[in-house]
Each structure stands twice: as C-alpha cells, then as structure tokens.
Amino acid sequence: MEQPASQDGACTSTPILEARGIYKQFPGVVALNNVSFQLCPGQVHALAGQNGSGKSTLIKVLTGVYQPDRGTVIFKGQPVSFGSPREAQAAGISTIYQEVNLIPLMSVAENIFLGREPKTKMGTVDSQRMNREAKELLADFDIEVDVRAPLRSLGLGVQQMVAIARAVSIQAEVVIMDEPTSSLEASEVETLFRVIRQLRDKGIGVVFVTHRLEEFYEICDQITVLRDGNVVHSGPLNQLPKLSLIATMLGRELPEGQGEITQFAAHETTAAEPVLVAEGLTRTGVIEDVSFSVRPGEVVGFAGLLGSGRTETAKAVFGAMALDSGTVKISGKEVNVRSPSVAIRNGLAFVPEDRRAEGIIPGLSVRDNIVSAALPYISKGGLVSRRAADEIVKRFVAALDIKVADPDQPIEQLSGGNQQKVLLARWLCLNNLKALILDEPTRGIDVGAKAEVQKLIGELAGQGLGIVMISSELEEVIEGSDQVVVLKDGQVAGVVSGDELTEGNLMRLMAGQSGAEGEPGDGHE
Amino acid sequence: MDTSDALVKRRPFDLSRLSSWTGDNGIYLTLLGLVIFNAIFTNNFATTVTFWNLLVQVAPIILVALGMAMVIGTGGIDISVGSVMAIASAIVPLTLGWGWPVAVICGLLGGVLVGAFNGFFVAVVGMQPIVATLALLVGGRGLAQVMVGAYLQIIYDKPFLALGRARVLEIPFPVIVAAVMAIIMAFVVNRTTLGRYVQSAGANRRAAYLSGHPVRLTLMSVYMISGFLAGLAGVLATARLAASDPAKIGLLMELDAIAAVVVGGMPLSGGRVSVPKTLAGALFVQVITATFIMNNLSPIWAQVLKGIIIVLAVYIQRRGRRA
C-alpha cells in the first residue's frame with residue numbers, strides 16, 4: 001500500500017486538512033501557540049498530549065467551534081473559515097465525540113439520515129428506502145442490526161459505529177475522533193479499528209485522540225504531540241517508542257537508566273499503623289484491584305496518565321463512586337464508605353481536581369465555603385453558630401494566608417490559588433481529620449500559590465496527617481511524596497519509593513514496561 | 001474613535017446602564033416605582049382600605065412564594081402548590097367536626113404529606129422536579145374535588161372563620177401569619193444549616209455532596225416546607241372565603257409564586273434564596289394585579305401586560321447582575 005506520508009511527515013499528495021500557525025488565546029492562557037498540523041488523505045493521525053495541552057482546542061479550531069486568533073485552516077488546498085461545526089460538517093469534516101451525539105429515541109436509520117431523509121414523490125419520508133440504504137451502509141462496516149430499532153437499544157459501541165457510518169455517508173473526507181474508545185469494550189474497540197482501517201483505505205483522513213497509548217500504536221501512522229499549546233513533536237509513529245512518547249508528552253528527558261524496577265512494599269517512614277488502607281478496590285471497567293495504604297505523616301503520590309484511574313480511585317475511597325468490591329479502612333477500622341458524608345465523619349477529606357465543577361460553591365461567600373463541611377460541627381439543633389464560623393474563618397484565612405478582602409465576598413471573586421486554599425481550609429478545620437486526598441492540588445494556580453500549597457502539603461504531613469496526592473507533574477509527585485503508586489489502565493502498575501523514585505522509573509511504569517526495552521513501534525501489528 | 005462610536009451606538013436603548021446602579025436590589029426600586037405610579041394615577045390607591053386589602057390578598061402569595069423560594073433555591077420547582085392549597089381546603093370541612101384546631105392541623109399535615117411525596121420523587125427516585133410536581137398539580141386538585149364533592153362547601157364554624165377575618169391591632173390575621181412565616185423563613189435561610197444546605201445544593205450540588213451535605217434530605221425538606229406553606233395558605237384562604245371550594249382555591253397560584261420568586265431576582269437555576277426579595281416579588285405581583293383591577297382594565301389585557309412587565313423586570317435585573 002502506498003504510504004500517505006513520507007518519512008519526514010510531509011504528505012505525498014496535497015494534505016486534506018492542514019492548520020498553519022494557529023494561535024488561540026483565552027483570557028489568561030495561550031491555548032495554541034503557532035500550531036501547525038497536517039493530515040494526509042488515507043492517514044490515521046494521532047493527536048497526543050496531557051490535559052490542557054491544547055488538543056481539544058485544536059480540534060475545535062479545525063471544526064469551526066472556535067475561530068483562531070491568527071493562522072489559517074486549509075481544507076483540500078483551500079483556506080477555509082468555518083463559522084460552526086455544521087459548516088465544517090457540510091464541507092466534509094465530521095467529528096465523533098466520546099459521547100454519541102445522536103438522538104437516542106430515533107431509529108438507527110433515522111439517525112443516519114437525519115436532516116437528509118430520502119423523500120417519496122408525495123414529499124414524505126421514504127422510510128423503506130431509508131431503512132434499506134441504512135442497512136446497506138452498515139453492512140459495509142460489517143454491522144448487522146435492526147435499523148428500525150431505536151438507537152438507544154443498541155450497545156454504546158454500536159451507537160458509536162452508527163455515528164461513524166453517518167459521518168461517512170455524508171461524504172466526509174476527514175473524520176475526527178475525540179476519545180471514541182473511552183466508553184467502549186475491547187471487542188467494540190476492535191470493530192472500531194476495523195472501520196477506521198476501512199476509512200483509511202478509502203483515502204479518508206482520520207484524526208484520532210485517545211488516552212490509551214497502546215491504541216495509538218495499533219491504529220495510527222503519524223503522530224503530533226502537543227504540550228502547553230505548542231507542537232513538541234510531529235512525525236511517523238513507528239519512530240517514536242512509547243517511552244519517548246510519554247517523555248515528550250510530559251516534557252521530561254528520556255530516562256537513561258536501564259535498571260529494573262524493584263517492587264517492594266512501602267518502607268516504614270513511621271512505625272505507626274496506617275491511617276488509610278484500601279484493598280482490592282474494583283469497579284468493572286474503571287478500576288481493578290487497586291490497593292494502597294497511607295501512614296500518618298506520609299505523602300503517597302498517585303501517578304499515571306489520563307484515564308489511568310487515579311481520580312476514580314480517590315473518589316471510590318471517598319465514597320463518591322460506588323465500588324463492586326474492595327474494602328476501605330480508616331485508622332484500622334473498616335468503613336463502608338457509601339457516601340462522602342460517611343467518609344468525612346470517619347476523618348477523610350477530598351479536594352477535587354475540578355475546582356469549579358466539584359469544589360467551590362459559587363454565589364456563596366468565602367465564609368460559607370470554608371465552613372461548608374464543618375456545618376454539622378459548628379451548629380446545634382440545626383442552628384449555625386456565627387461565632388464558631390467566624391473563628392474558623394479567621395484562623396484559616398490567617399494560617400493559609402488566603403487573600404480575601406472580606407469573608408462575605410463571593411468565592412468566585414478569588415484567584416484560583418486562593419480558591420484552592422479555601423477548599424483546603426474547608427477540610428483542615430475539621431477536628432477529626434485523619435487523611436487528606438488531593439487531586440491535582442496545584443493545577444491552574446499561579447507559581448507563587450503553587451509553592452505555598454506544596455509547602456503546606458509537607459507541613460500537614462508533618463503534623464501527622466496521611467496524605468494522598470494525585471498529580472500529573474512528575475516533579476511534583478517525586479519531590480512531594482514518600483512513595484508513589486503508579487496506575488495504568490485502572491490497575492496498580494507499581495509502587496516506588498526511596499532511591500527508586502525517579503522520573504525514569506515512573507515513566508516506565510506508566511508505559512507498562514518493567515524494564516526499559518521500549519521497541520520502536522511497540523505493539524504495532 | 002472606534003470605541004466611542006460603539007458607545008454612541010449602544011446608548012439609545014440600553015437598560016444595562018439603568019440597572020447597573022440598581023444592581024442586585026432592582027426589585028425594591030421596581031416595586032417602589034410601581035407603588036408611586038399607583039399613588040399618583042390610580043384613584044383610591046393611597047387609602048387605608050386598599051392598603052389592608054392588598055396585604056390580605058398578598059398573604060397567600062407570600063406564604064406559597066416563601067416555600068417556592070426554598071425549592072427554587074435548590075434548583076427545583078414546585079408547581080403543585082395550587083393543588084396543595086385545594087387539598088388543604090378540602091380537608092377542612094371533612095375534619096371540622098373534631099374542632100377547628102384539628103381541621104387546621106389536618107390541613108397542614110395534608111400539605112406536608114403532598115410535599116413529602118414530591119420530595120420523595122425528586123430526591124430519592126430522581127425525577128425532574130417539574131415532572132414530579134406536575135403529577136400532583138393535575139391529580140391533586142381532582143383528588144380535592146373528590147374529597148368534598150362537586151359543590152363548594154359552606155363553612156359556619158365561627159372560630160375557624162376568624163382565622164381569615166379576625167384582626168389583631170387592626171392587622172388582619174392572615175397578614176400576621178404571613179409576616180411570622182416570613183420571619184421564620186428568613187431565620188431558616190440565614191441562620192440554620194438547612195439554609196446553607198439549600199443554597200449549596202442549588203449553587204453546586206456536586207460540590208455540596210462532596211462536602212458531605214445531606215443533599216437528599218435537603219431536597220426532601222424543601223418540598224415538605226413548600227407543601228406545609230401551601231397547606232397553610234389553603235387553610236387561610238378557606239377561612240377567608242368561608243367555604244371550601246377545591247375547584248377554585250389556589251388556582252394558578254403556582255404561577256404567581258414562581259413569578260414572585262423570579263421577579264424578586266432569584267435565579268431559577270438555584271443557589272440563592274432571599275426572603276426580603278421574595279416578599280417584594282410577591283407584593284409586586286399583587287400590586288400589578290390590583291393596578292389593573294382598580295383601573296378597570298380588561299382582565300384579558302391585564303394578563304398580557306402582566307406577562308410583559310414580568311419579563312421586563314427580570315430582564316432589567318439580569319442585565320444589572322451581569323454589569
């Protein structure tokens with residue numbers, strides 16, 4: 001088969017979709033900085049990067065959701081400026097999202113032909129022809145379903161295929177798939193890949209985004225890696241071994257050491273009994289048999305790529321995600337954490353990754369945000385004690401140096417760093433606090449606040465709290481943790497501590513290698 | 001040059017500048033304006049009789065709107081309140097034989113029970129509030145009519161009727177009840193854990209849950225409070241009317257109550273509850289109705305105008321908040 005791109009990444013024919021020097025700024029952040037990207041016909045192009053690297057923004061610029069501040073999008077050799085995803089789709093660029101964007105109650109055929117139904121002479125919808133054509137179309141992809149059944153009666157994977165069939169049937173020349181596999185089962189992923197290969201063979205360009213790196217190596221030819229809004233690598237995928245890919249995504253040096261990773265139990269930082277023990281946490285399709293323990297005064301880091309199950313593990317321990325099996329022990333006592341309030345009563349606290357969606361309570365004052373979790377302790381008979389609330393607020397505004405003009409100020413007026421401190425204060429004011437789970441505690445806050453929060457985490461451990469710290473920044477987990485649990489695909493890939501706690505070892509575990517023999521094109525068929 | 005052009009262009013009809021100084025307190029100014037307008041242009045408006053009449057008529061709206069404000073504060077809505085009034089009203093003649101206190105208590109319990117029903121479907125089953133309460137909006141009034149029969153039932157019990165007609169120091173009893181309830185609710189909102197739970201559940205339910213708030217219990221409570229207050233309004237309306245008339249009592253009350261909350265400046269998405277603003281909103285709704293009636297405006301046009309004024313009032317506040 002003719003290769004769509006030469007070894008240096010340039011297309012052998014005109015690129016079907018191209019971005020040149022795209023610059024896109026949002027208030028306070030440059031999302032894309034001079035990004036260029038080329039998609040050749042018949043190419044499956046991987047788009048890789050951490051959270052916040054600019055992947056989504058680039059896709060949105062390509063599909064007309066956003067207009068770039070500078071730079072051009074070129075489609076089939078012509079500069080284009082799509083005003084909306086609808087225009088992009090009409091031109092031949094289809095996007096398939098993680099969540100299926102179709103209408104669950106309509107039939108499969110109706111969904112495929114939505115907005116362009118074949119008509120009879122009377123001007124009504126020719127359902128017979130529609131059903132027949134839908135069936136033929138799906139047969140092309142080896143999918144046999146009752147096209148008259150409502151879409152929602154099908155499995156998620158098949159729904160995804162229907163979305164793709166729809167995309168292709170409207171003469172798409174570019175199909176962008178944004179994490180299409182994250183809700184699919186293994187067999188469904190296989191079907192999806194078969195379809196992608198068919199698209200490739202028809203000369204359609206495919207952009208593929210996933211957080212499962214193995215999938216890149218299985219299906220993609222070319223890769224573009226983004227980090228902090230910049231293209232940091234672009235080239236054929238078989239020249240970029242998985243370990244290098246991870247190093248590129250994280251912006252770290254490629255590990256040099258060839259040393260084996262010894263997996264040993266946590267060394268004794270303190271002799272005290274663990275304050276938090278999780279054993280065999282399992283939820284089908286999310287996490288599997290995850291165990292770890294935290295002693296008083298210990299910081300346990302959680303490392304892993306996006307989708308590795310770090311956040312899910314934290315939420316499971318905190319009672320915010322139901323488990324199929326597994327036990328949680330707090331201070332030696334087994335606790336059935338069926339809800340966050342149970343976890344909190346037993347001395348557990350959780351600072352979520354997404355401050356805006358899960359942390360702050362907008363419209364409420366800084367005061368009410370701080371005492372939010374402490375309400376049961378500062379009230380009698382349902383009556384909140386103003387004095388107790390004021391005392392807490394006064395103490396923690398001073399202790400954490402929260403910059404606030406007036407505690408009655410709405411929380412959303414504070415900077416990210418100060419909001420994060422408010423969320424920390426929300427938990428630190430609880431007298432029975434034993435362990436604190438921090439999910440990306442320094443994300444999205446400025447450098448000064450970051451240093452303060454990091455310092456605080458160390459101090460809190462020093463005061464005897466057990467701390468779990470989830471972080472995407474290797475430097476942070478390595479420097480801040482006594483031991484690090486590396487998660488991969490919902491499982492513990494390894495636990496490292498002491499001298500073994502190096503960037504190289506963490507990256508190797510993230511890549512699923514026990515040694516360092518990352519072959520180029522590892523996992524390629 | 002460019003910017004000044006833009007400014008000039010925007011000037012002709014820009015409510016946002018008007019509202020930027022009214023800010024968050026737009027409802028009080030709007031209400032004041034409406035009252036001043038009436039005092040000048042509407043005959044017999046600025047009289048004691050009108051004053052007390054207005055307050056007596058607004059009392060049930062205030063009661064129902066207080067409960068509605070709590071429900072809306074959690075991001076929900078309770079459209080069954082009018083039917084709850086009818087149910088409470090229907091319970092009165094059925095239980096009056098045991099004495100008026102029993103009748104009142106049973107009427108209130110009826111309201112709480114319906115509220116618990118609503119709360120169960122919203123908090124435990126997870127139904128959308130509008131759907132859950134729609135069932136009782138439709139079915140509740142039917143049930144009330146089944147309970148007392150097709151005709152309205154005249155009530156002769158003197159002590160019970162006094163609840164609607166008596167005056168204490170010149171103040172009509174329903175007005176006193178509404179005022180007391182307003183004070184209690186203001187206290188609940190500002191001083192109790194429930195008040196924080198309600199506003200947190202509306203502002204960011206996920207964060208509230210992760211802070212350990214009893215979110216389900218909170219939802220359950222607000223619908224029960226709403227049911228209680230609607231029941232109270234139904235009992236008082238029955239006493240004032242001297243009859244139980246489930247076909248009429250509380251009809252379309254849900255709309256006045258929602259309008260009062262919205263005009264008061266509370267977002268339907270929840271997260272904010274203000275008792276003073278709810279009071280002002282309820283007064284606003286009632287004064288508009290009175291304005292039209294006293295100026296002999298056709299009721300049909302009155303409805304249209306009422307709609308327009310409500311949209312306008314909300315628009316001004318929305319702009320104000322953004323500015």
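Scoring rules and cut-offs
Residues numbered from 1 in each chain as written. Chains lettered and ligands numbered in written order. Predicted model: local features only at pLDDT ≥ 70, side-chain atom pairs only at ≥ 80, totals over all residues. Helix = DSSP H or I, 4+ residues; strand = E, 2+ residues; numbered from the N terminus. Buried ≥ 20, exposed ≤ 12 C-beta atoms within 10 Å, placed from the backbone. Contact = placed C-beta atoms within 7 Å. Rg over C-alpha atoms; globule rule 2.2 N^0.38 Å. Nonpolar A, V, L, I, M, F, W, Y, C, P; charged D, E, K, R; others polar. Expected span 1.5 Å × (residues − 1). Pairing = 2+ DSSP bridges. Axes fitted to C-alpha atoms, helices over the stretch in contact; angles between N-to-C directions. pLDDT = per-residue confidence, 0-100. Parallel < 35°, antiparallel > 145°, perpendicular 65-115°, else oblique. Left-handed = near helix turned anticlockwise from the far one by under 90°. Arc of directions from axis to C-beta. Core = buried A, V, L, I, M, F, W, Y, C linked by C-beta atoms within 7 Å.

(A) Local environment of the overall build of chain B. When its secondary structure is counted, chain B shows 15 helices and 4 strands. Taking all 323 residues of chain B together, the buried fraction comes to 50%. Sequence-distant contacts, at least 24 apart, represent 79% of the contacts inside chain B between residues at least 6 apart.

(B) Spatial organisation of the overall build of chain A. Secondary structure summary: chain A contains 17 helices and 22 strands in total. Relative to the compact-globule value of 24 Å for 525 residues, chain A shows a C-alpha radius of gyration of 26 Å, a close match. Taking the intrachain contacts of chain A between residues at least 6 apart in sequence as the baseline, contacts between residues at least 24 apart amount to 68%.

(C) Broad picture of the interface of chain B and chain A. Contacts between chain B and chain A engage 19 residues on the former and 23 residues on the latter. Every element with two or more residues in the side of chain B that touches chain A is listed here: helix H10 (193-203) and helix H11 (205-210) of chain B. Ranked by the residues each element gives to the side of chain B that touches chain A, the list is headed by H10 of chain B, at 6 residues. When its residues are assigned to classes, the side of chain B that touches chain A shows 7 nonpolar, 8 polar and 4 charged.

(D) Fine view of helix H14 (residues 275-294) of chain B. Residues and elements named next belong to chain B. For H14, spanning 20 residues, the distance from its first C-alpha to its last is 28 Å, which sits close to the expected 28 Å at 1.5 Å a residue. Among the 20 residues of H14, 14 are classified as buried, and the element is accordingly described as predominantly covered. Trailing H14 by a residue or two, asparagine 296 shows a phi angle of about 55°, which is positive.

(E) How the structure looks around the pairing of strand S6 (residues 93-96) of chain A. Residues and elements named next belong to chain A. Side chains of S6 alternate between two faces, with Ile93 and Thr95 and Ser94 and Ile96 buried alike. Relative to strand S7 (residues 174-178), S6 runs parallel, the two being bridged by 4 bridges. Paired with threonine 95 across the two strands is isoleucine 176, which belongs to S7.

(F) How the structure looks around the sheet that holds strand S2 (residues 29-39) of chain A. All names here are of chain A. Read across the open sheet, the 4 strands follow the order S2-S1-S4-S5; overall the sheet is antiparallel. Both edges of this open sheet fall to S2 and strand S5 (78-80), since each of them pairs with a single strand only. For this sheet the average axis-to-axis angle between neighbouring strands, irrespective of direction, equals 30°. Sheet topology places strand S1 (residues 17-26) next to S2; 7 bridges connect them, and they run antiparallel. Bridged to glutamine 25 within S2 is valine 30.

(G) Inspection of the sheet that holds strand S14 (residues 325-330) of chain A at higher detail. Residue and element names in this part refer to chain A. The strand order S12-S11-S14-S15 describes an open sheet built from 4 strands, whose pairing is antiparallel. Whereas interior strands pair on both sides, the edge strands pair on one side only; in this sheet they are strand S12 (287-294) and strand S15 (333-335). Across this sheet, the average inter-strand angle for adjacent strands is 25°, counted without regard to direction. Where strand S11 (residues 276-283) lies against S12, 5 bridges are found, and the strand directions are antiparallel. Residue pairing across strands places arginine 283 opposite isoleucine 287, the latter belonging to S12.

(H) Focus on the confidence of the model for chain B. Residue and element names in this part refer to chain B. Looking at chain B as a whole, the pLDDT averages 84, with 89% of positions reaching at least 70. Mean pLDDT values for the elements of chain B range from 39 in helix H1 (residues 2-10) up to 94 in helix H12 (residues 215-241). Scored below 50 in pLDDT, residues 1-14 shows 0 contacts in the model against residues more than four places distant or in partner chains. The complex prediction reports pTM at 0.74, with the ipTM value standing at 0.80.

(I) Quick look at the packing of helix H3 (residues 26-41) of chain B against H14 of chain B. Residues and elements named next belong to chain B. In the contact formed by H3 and H14, the axes pass within 10 Å of each other and the chain directions differ by 25°. Taken together, the axes of H3 and H14 are roughly parallel relative to one another. Crossing geometry of H3 relative to H14 is assigned as left-handed. Contacts from Ile27, Tyr28, Thr30, Leu31, Leu34, Val35 and Asn38 in H3 reach Lys277, Ala280, Gly281, Leu283, Phe284, Val287, Ile288 and Thr291 in H14. Residues that form the contact of H3 with H14 fall into these classes: 10 nonpolar, 4 polar and 1 charged.

(J) Quick peek at helix H4 (residues 127-140) of chain A. All names here are of chain A. Taking 1.5 Å per residue as the helical rise, H4 with its 14 residues ought to reach 20 Å, and the 20 Å between its terminal C-alpha atoms agrees with that figure. Listing the buried residues of H4 in full gives Met130, Asn131, Ala134 and Leu138. Buried residues along H4 cover an arc of 95° about the axis, so they all sit on one side. Exposed positions of H4 whose direction lies more than 90 degrees from the buried face are Gln128, Glu136 and Ala139. One or two steps after H4, the chain reaches aspartate 142, where phi turns positive at roughly 60°.

(K) Layout of the environment of alanine 182 of chain B. All names here are of chain B. You can see alanine 182 is positioned in helix H9 (residues 173-191). Since 19 C-beta atoms lie within 10 Å of it, alanine 182 is described here as partly exposed. Once the C-alpha coordinates of alanine 182 and alanine 247 are considered, the two residues, 65 residues apart in sequence, prove to be 28 Å apart.

(L) View of the nonpolar core. In terms of nonpolar packing, the biggest core is built from 249 residues, with Val175 and Ile467 of chain A together with Val64 and Ala65 of chain B touching the most fellow members. Top contributing element to this core by residue count: H12 of chain B, with 15 residues. Residues contacting valine 175 of chain A, with those up to four places away along its chain left out, are Ser94, Ile96, Ile164, Ala167, Leu199, Ile204 and Val206 of chain A.

(M) Highlighting the pairing of strand S20 (residues 466-470) of chain A. All names here are of chain A. Within S20, 5 of the 5 residues are buried, leaving the element largely enclosed by the surrounding structure. Alignment of strand S13 (residues 299-303) against S20, held across 4 bridges, turns out to be parallel. By the bridge assignment, valine 299 is partnered in S20 with isoleucine 467. Where strand S19 (residues 435-439) meets S20, 5 bridges bridge the pair, whose relative direction is parallel. Opposite aspartate 439, over in S20, you have isoleucine 470 as the bridge partner.

(N) Quick look at the environment of isoleucine 176 of chain A. Residues and elements named next belong to chain A. By the element assignment, isoleucine 176 lies in strand S7. Assessed through the 26 C-beta atoms surrounding it within 10 Å, isoleucine 176 is described here as buried. It is 7.8 Å that separates the C-alpha atoms of isoleucine 176 and isoleucine 59, two residues lying 117 residues apart in sequence. Apart from residues lying up to four places away in sequence, isoleucine 176 is in contact with Ile59, Leu62, Thr63, Ile93, Thr95 and Val207.

(O) Broad picture of the packing of helix H13 (residues 253-263) of chain B against H14 of chain B. All names here are of chain B. Remark: H13 packs on H14, axes separated minimally by 7 Å, with the N-to-C direction vectors making an angle of 125°. Here H13 is positioned oblique relative to H14, judged by the angle of their axes. Crossing geometry of H13 relative to H14 is assigned as right-handed. Along its contact with H13, which presents Asp256, Ala259, Ala260, Val261 and Val263, the element H14 presents Thr278, Gly281, Ala282, Phe284 and Val285. Class assignment of the residues belonging to the contact of H13 with H14 gives a composition of 7 nonpolar, 2 polar and 1 charged.

(P) A look at the confidence of the model for chain A. All names here are of chain A. Mean pLDDT over chain A: 83, with 91% of residues reaching 70 or higher. The weakest mean pLDDT in chain A belongs to helix H5 (residues 156-169) at 79; the strongest belongs to strand S16 (residues 348-351) at 93. The low-confidence segment residues 257-268 (pLDDT under 50) makes 20 contacts with residues lying over four places distant or belonging to another chain. Low pLDDT (under 50) marks residues 515-525, which in the prediction has 24 contacts with non-local residues, meaning those over four places away or in another chain.

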